[in-house]
Amino acid sequence: MQTYRLALIGFGNVGQGLAQILLEREAELADRFGVHFQIVAISDLLKGSLYDPDGLSPATLLTEIQTHGNLDDAVAPHRGWGALRTITESNADVVVEISYTDLKTGEPALGHIRHALNAGKHVITTNKGPIALQYPQLAILAEANGVQIGVEGTVMSGTPALRLGLDLLAGAGISRIQGILNGTTNYILTQMEAEISYEEALADAQAMGYAEADPTGDVEGYDAAGKVVILANLLMDTPLTMADVDRRGITGLTLPDIHEARQAGERWKLIGSVEIKGGDVVASVRPLRLPATHPLANVSGATNAITYTTDLLGDVTLVGPGAGRVETGYALLGDMLAIHRYRGELT
Ligand code: HSE
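This one's a predicted model, so the numbers in the text were calculated from it and none came from an experiment.

Thresholds, definitions, all that
- Residues numbered from 1 in each chain as written.
- Predicted model: local features only at pLDDT ≥ 70, side-chain atom pairs only at ≥ 80, totals over all residues.
- Heavy atoms only, no water.
- Domains from an automatic or database assignment.
- Contact = heavy atoms within 4.5 Å.
- Buried area = accessible area lost by both parts, 1.4 Å probe.
- Salt bridge = Lys/Arg side-chain N within 4 Å of Asp/Glu carboxyl O.
- Polar contact = N/O pair within 3.5 Å; in protein donor to acceptor, adjacent residues only side chain to side chain.
- Helix = DSSP H or I, 4+ residues; strand = E, 2+ residues; numbered from the N terminus.
- Nonpolar A, V, L, I, M, F, W, Y, C, P; charged D, E, K, R; others polar.
- Pairing = 2+ DSSP bridges.
- Axes fitted to C-alpha atoms, helices over the stretch in contact; angles between N-to-C directions.
- Near = heavy atom within 4 Å.
- Areas by Shrake-Rupley, 256 points an atom, 1.4 Å probe, with all protein chains shown as cover.
- Buried < 20%, exposed > 50% of the residue type's maximum accessible area, 1.4 Å probe, protein only.
- Core = buried A, V, L, I, M, F, W, Y, C linked by side-chain atoms within 4.5 Å.
- Parallel < 35°, antiparallel > 145°, perpendicular 65-115°, else oblique.
- Left-handed = near helix turned anticlockwise from the far one by under 90°.

### A word on the domain arrangement of the protein
In step 1: Per the domain assignment, the segments making up the protein are domain 1 (2-158 + 326-346) and domain 2 (170-321).
In step 2: Computed over C-alpha atoms only, the centres of domain 1 and domain 2 are separated by 28 Å.
In step 3: Opposite the 14 residues of domain 1 that make contact, domain 2 presents 18 residues.
In step 4: For the pairing of domain 1 and domain 2, the buried interface totals around 1300 Å² over both sides, and the portion due to carbon and sulfur atoms is 76%.
In step 5: When the area that domain 1 buries against domain 2 is broken down by residue, the three leading residues are Lys 128, Val 155 and Met 156, summing to 45%.
In step 6: Summed over the shared surface of domain 1 and domain 2, the number is 2 salt bridges.
In step 7: Asp 223 is the salt-bridge partner of Lys 128, the closest N and O atoms lying 2.7 Å from each other.
In step 8: Remark: the boundary between domain 1 and domain 2 carries 3 residue pairs in polar contact (both at pLDDT 80 or more).
In step 9: Of the residues forming the side of domain 1 that touches domain 2, the biggest block, 6 residues, is contributed by helix H5 (residues 128-144).
In step 10: Class assignment of the residues belonging to the side of domain 1 that touches domain 2 gives a composition of 9 nonpolar, 3 polar and 2 charged.

### Side note on the sheet that holds strand E4 (residues 78-79)
In step 1: The strand order E4-E3-E2-E1-E5-E6-E7 describes an open sheet built from 7 strands, whose pairing is mixed. At either margin of the open sheet sits one strand with a lone partner, and together these are E4 and strand E7 (149-150).
In step 2: When strand E3 (residues 48-51) meets E4, the two strands line up antiparallel, connected through 2 bridges. The residue of E4 that forms the bridge with Tyr 51 is His 78.
In step 3: Its contacts with the sheet put helix H12 (residues 325-342) on strand E1 (2-9), strand E2 (35-44), strand E5 (94-97), strand E6 (122-125) and E7, and the angle it makes with E6 is roughly 155°.

### Digging into the site of the ligand
In step 1: Taken together, Lys 128, Asn 182, Gly 183, Thr 184, Tyr 210, Ala 211, Glu 212, Asp 218, Asp 223, Lys 227, Gly 322 and Ala 323 make up the full set of residues near the ligand.
In step 2: In this structure, Lys 128 approaches the ligand through a side-chain N or O atom, which is 2.8 Å from an oxygen atom.
In step 3: At 2.7 Å from a nitrogen atom of the ligand is found a side-chain nitrogen or oxygen belonging to Asp 218.
In step 4: For the ligand, whose accessible area on its own is 260 Å², the fraction buried by protein is 90%.
In step 5: Secondary structure elements with two or more residues in the shell around the ligand: helix H7 (183-193) and helix H10 (222-235).
In step 6: Of the residues belonging to the shell around the ligand, the class tally is 3 nonpolar, 4 polar and 5 charged.

### Structural notes on the environment of Leu 56
In step 1: Note on placement: Leu 56 falls in the loop between E3 and helix H2 (58-68).
In step 2: A C-alpha to C-alpha distance of 30 Å links Leu 56 and Leu 141, two positions 85 residues apart in sequence.
In step 3: Look past the residues within four positions of Leu 56 in its chain and what remains in contact with it is Ile 39, Val 40, Ala 41, Ile 42, Leu 50, Leu 61 and Ala 76.

### Details of the pairing of strand E10 (residues 266-277)
In step 1: Judged by how many residues are buried, E10 sits mostly within the fold: 9 of 12 residues are covered.
In step 2: Of the pairings in the sheet, the one linking strand E8 (residues 174-180) to E10 comprises 4 bridges and is antiparallel in character. Directly across from Ile 177, in E10, lies its bridge partner Val 274.
In step 3: Direction of pairing for E10 relative to strand E11 (residues 280-291): antiparallel, over a ladder of 12 bridges. Considered in E11, the bridge of Lys 277 is made with Asp 280.
In step 4: Where E10 folds back on E11, the antiparallel hairpin that results is connected by 2 residues, among which Gly 278 adopts a positive phi of roughly 55°.

### Some remarks on the nonpolar core
In step 1: With 59 residues, the main nonpolar core has Ile 149, Ile 177, Leu 231 and Tyr 308 as its most contacted residues.
In step 2: The element that contributes the greatest number of residues to this core is H10, accounting for 9 residues.
In step 3: Both domains that meet at this core, namely domain 1 (2-158 + 326-346) and domain 2 (170-321), each give it at least three residues.

### Description of the pattern of salt bridges
Two side chains bearing opposite charge may form a pair once their charged atoms approach each other closely.
In step 1: Summed over the entire model, instances satisfying the criterion amount to 14 salt bridges.
In step 2: One network of salt bridges, with partners in common, ties together Lys 128, Glu 212, Asp 223 and Lys 227.

### Remarks on the environment of Val 219
In step 1: On the secondary structure map, Val 219 appears in helix H9 (residues 216-219).
In step 2: Residues Val 219 and Gly 252, 33 residues apart in the sequence, show an inter-C-alpha distance of 9.8 Å.
In step 3: Setting aside anything within four residues of it in sequence, one finds Val 219 in contact with Thr 185, Ile 188, Tyr 198, Leu 202, Gly 249, Ile 250 and Thr 251.

### Some thoughts on the packing of helix H6 (residues 161-168) against H10
In step 1: Between H6 and H10, the shortest axis-to-axis distance is 10 Å and the interhelical angle comes to 20°. As far as their axial angle goes, H10 and H6 are roughly parallel. Once H6 is placed against H10, the crossing between them reads as right-handed. Between H6, through Leu 162, Gly 165 and Leu 166, and H10, the contact on the second element is made entirely by Ile 230, Leu 231, Leu 234 and Leu 235.
In step 2: Class assignment for the residues of the contact of H6 with H10 results in 6 nonpolar, 1 polar and no charged.

Given below as structure tokens:
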């Protein structure tokens, strides 16, 4: 049995989703893959910080959060360590960076990730900010330190959008990637088709937890633009930045616009796109009126989807969740199993 010790930097919805998955699937992971993922440390500014080199119980962590909303009463030999100390001084070999996301500076997550890679620890993250802003630099740092950086959950949560492009379509010649990459805006557009106002639909998306803390990032297309930048960097080897994305959100669309499209058998969708055009890589996020025959036209609600246009296969489309507690937690499990696999230990 191979054990990987995890330090979770942040213990919000995604960290709790991961703890729940590890609790429920521990036996299956051991039986099928001979692997044990053990949480040894949590460092969260609001909920508290704990470290036990012999492992923390996911069941206890979840009960404490459900009962008290924090980890103040959980028992552990070390308490109150900050993120950087947890990364450096704990015995974790994988740092799970799931703190607050900031698409402008990437901090403090960027500093956490650099610190972990420099300490020779693997990093897995669902945090879009640092990956959209600095992925090429972080990938070089990981390689120089002989460790891996897993970022599957930054695009479409646990739906394996990046792995599909990176692994399964490697060599197929990807010339264009188009996607519905933001659940909040797709939910709003779908609700508007059912006569629900933009304001009411946005309030629903916030209540259901899809929207970012500041939903401007969703409705103005910044969240989708961050994901487009990640796709360009990982799959097209092109160091695009947020400023390179021609970005427009959905705030200019009205109910009459939506109806007019429906009457013509079309649908408005916020489409993130990156494609090779005349030797250049061109990226955009914008609302498009799609004909019913388009593979992304019938993806409704908060669901996400991505279409890879390839030389050898034509279009390949993947549809699945793009947010959610367990759904995003699963992205981290996929990255952990990938670390295990690349070490040649997964059969
Ligand atoms: N706010 C994002 C969305 C969450 O609505 O898709 C996932 O990145």
